[in-house]
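This is what each chain is made of:
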Amino acid sequence: MNKENARWFWIVVVVLMMVGCGAPEPEVSEQPEAPAEQAATPIDQSTVGSIGGKISFEGTKPKLARIMMDQDPVCVEKHSGPVYAEDGMVNDDGTLPNAFVYVKTGAEKYNFPTPTGSVELDQDGCLYKPHVLGIMAGQTLQILTKDPTSHNIHPMPKDNREWNLSQPPGGAAIEQKFSRPEIMIPVKCNQHPWMRAYIGVTRHPFFAVTGKDGTFTLKGLPPGEYTIEAWTATFGTQEQKVTVGPSEAKTADFSFKSS
Amino acid sequence: MALLMALVVTLITVISAALFWARIWWFPPDISTHGYAIDRQIVLTLAVTGIIFILAQLGLAYFVWRNRDRGDGRKANYSHGNDKLEATWTIAAGVLFIGLNLMGYRIWANMHFTGAEPGAAQIEVWGQQFAWYFRYPGPDGKFGPTHVEKINDAIGNFLGLDRDKDEASKDDIVTPTLAIPVNRPVQLTLRSKDVTHSFWVRELRMKQDLVPGMEIPIHFTATQPGRYEIACVELCGMGHYRMRAFLEVLSDEDYAAWLGRMAAAQ
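(A) Looking closely at the overall build of chain A. The helix and strand tally for chain A stands at two helices and 19 strands. For chain A, contacts bridging at least 24 residues in sequence account for 64% of all contacts bridging at least 6. Accessible surface, chain A: about 13,500 Å² in total, of which carbon and sulfur atoms supply 54%.

Take a look at the structure:
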């Protein structure tokens, strides 16, 4: 093989290897980056109002399934008593926890800066804490683990990029963002099938998650007409139209029934 | 140099054989009524192949030493072999190989192509990425139907049961652990929710794939109470390495008590 032939030989070999092994393809973004942040709309803080309310439940409380974690003994060890599914849970006073309440329409004309602080999703006792959380598009979601076992965080969005990351015991926090608004993104753990969290992504800061008293407050709302929606994992969603006047505190209660 | 080479080959042969002979890394104990036949077959295969291995290796060592360079300038003489000898040992190896296979096949067929004894405890085994679930039919002895649209892992409905509507589902017991009674025949029906998995308990000498869309029965009787690992032995995705559960072989009383506790927890 003379020099010229040798050179062609190697060119052909390299090309074949690139084809065979898959030449590095230009990365196709499944999801365009969030548009460059627009300047925040000035809001007159002296006139902002709020919407508060209570999410209640009528009817017979559903029987919650007991979650048995025996496949992974370290999950069992972290609980002193039986663990029950959080979906469908009703507070003792008849209110609903884990309802995600947010402004569905009415806030489109405002732009809000992306918060610099992150929102935490913890894994403790092979359960997600909190079970339901809200975050703004582009804001950092920080995923932590306190469990001495591996987890596999797997959000299943419709409008955002799907990802699936493993986190070993004592692993570094995982930081991710969702660039588009989406109500709600279920999150599962591929290792522990019972683990579930729900993430509500909004383009504004007007959201809240109900706790043990079933109440919520959406603060800092500029005067205007809003549709607010209450989302629950088990009992469906409801919405209400609310008009907030300058510095007004409005009430919007919701009542769910067993579906 | 030839002597050294012959010694190394001999040493490797002796150490390898000794490891098997002394049973240093041997099988875990057999806890099934059928396992002795499998163990016997494996030991027979090991003995036959072991003897051939030792003879072949020692022969190699001997010829390396016998045909060493004696420093007299003789050139190596290449032989094209002996057709008769070649044919003989190829046929012998073939007969041995096919014979061992047929013997093993008979044992496998006896385990898989015979029905479970009447009265065997019926349990369903469900594989999913990446966990095992087990279903007991409850006092009515019937498994309720499963509904794909009802599957919701977050509320513990892993199999899609409709306990409100389906009478047979009301008393079904779904657990993450497989408990079975000792010394009683058990029939497992293997089902998969997603991809191919494989059920394996080393001590049971039982391995069988779970194939989506199929219901595959296996049966056995466990003879030793204890807790054993169930591992998935078919690469089923990223979390395959962690797909495991436990087999609890219990006395009749403990089994009844366990079933009662699990029924109460449904």
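(B) Inspection of helix H2 (residues 35–66) of chain B at higher detail. Residue and element names in this part refer to chain B. In this model, H2 (32 residues) spans 46 Å end to end at C-alpha, consistent with the 46 Å of a helix rising 1.5 Å per residue. If you check which residues of H2 are buried, you get Gly-35, Ala-37, Ile-38, Asp-39, Gln-41 and Ala-61. Residues of H2 that are buried make contact with helix H1 (2–21) and helix H3 (83–112).

(C) Representation of the state of the cysteines within the structure. Residue and element names in this part refer to chain A. Taken as a whole and assessed by the stated rule, the structure comprises one disulfide over all chains. The partner cysteine of Cys-75 in its disulfide is Cys-126, sulfur to sulfur 2.0 Å. In this structure the cystine formed by Cys-75 and Cys-126 twists about its S-S bond by roughly -65°; its chirality is therefore left-handed. Here Cys-75 is found in helix H2 (residues 73–77), whereas its partner Cys-126 is found in the loop between strand E5 (119–123) and strand E6 (128–129), with 51 residues between them in sequence. The buried category is assigned to Cys-75, whose relative accessible area is 0%. The cysteine Cys-189 is free of any disulfide, with Cys-126 supplying the nearest cysteine sulfur at 7.5 Å.

(D) Representation of the interface of chain B and chain A in the model. In this complex, chain B contributes 26 residues to the contact, which on the side of chain A involves 23 residues. On the chain B side of the interface with chain A, the three residues burying the most area are Ala154(B), Pro176(B) and Arg242(B), jointly 29% of the side's total. Taken together, the links from chain B to chain A amount to one salt bridge. A salt bridge links Arg242(B) to Asp72(A); its shortest N-O distance comes to 2.8 Å. In this assembly, chain B and chain A are joined by six residue pairs in polar contact (both at pLDDT 80 or more). When contributions to the side of chain B that touches chain A are tallied by element, the ones reaching two or more residues are strand E2 (131–136), strand E3 (173–175) and strand E10 (244–250) of chain B. Within the side of chain B that touches chain A, the residues separate by chemical class into 14 nonpolar, eight polar and four charged.

(E) Highlighting the pattern of salt bridges. Counted under the stated rule, the structure contains 20 salt bridges over all chains. Asp92(A) is the partner of Lys61(A) in a salt bridge, and the nearest nitrogen-oxygen pair spans 3.8 Å. Of this pair, Lys61(A) sits in the loop between strand E1 (49–58) and strand E2 (66–67) while Asp92(A) sits in the loop between strand E3 (83–84) and strand E4 (100–105), and the two are 31 residues apart along the sequence. The exposure class assigned to Lys61(A) is partly exposed, which follows from its relative accessible area of 42%. Each of the salt bridges in this network shares a partner with another, and the network as a whole consists of Glu124(B), Arg135(B), Asp172(B), Arg191(B) and Glu215(B).

(F) Representation of a nonpolar patch on the surface within the structure. On the surface, Leu11(B), Ile15(B), Leu19(B), Phe20(B), Ile24(B) and Trp25(B) cluster together into a nonpolar patch covering about 690 Å² of accessible area. Mapped onto the elements of the fold, Trp25(B) is located in the loop between H1 and H2.

Rules and cut-offs
Residues numbered from 1 in each chain as written. Chains lettered and ligands numbered in written order. Predicted model: local features only at pLDDT ≥ 70, side-chain atom pairs only at ≥ 80, totals over all residues. Heavy atoms only, no water. Helix = DSSP H or I, 4+ residues; strand = E, 2+ residues; numbered from the N terminus. Contact = heavy atoms within 4.5 Å. Areas by Shrake-Rupley, 256 points an atom, 1.4 Å probe, with all protein chains shown as cover. Expected span 1.5 Å × (residues − 1). Buried < 20%, exposed > 50% of the residue type's maximum accessible area, 1.4 Å probe, protein only. Disulfide = S-S within 2.5 Å. Buried area = accessible area lost by both parts, 1.4 Å probe. Salt bridge = Lys/Arg side-chain N within 4 Å of Asp/Glu carboxyl O. Polar contact = N/O pair within 3.5 Å; in protein donor to acceptor, adjacent residues only side chain to side chain. Nonpolar A, V, L, I, M, F, W, Y, C, P; charged D, E, K, R; others polar. Patch = residues over 30% accessible without salt bridge, like charges linked within 9 Å, V, L, I, M, F, W, Y side chains within 5 Å.

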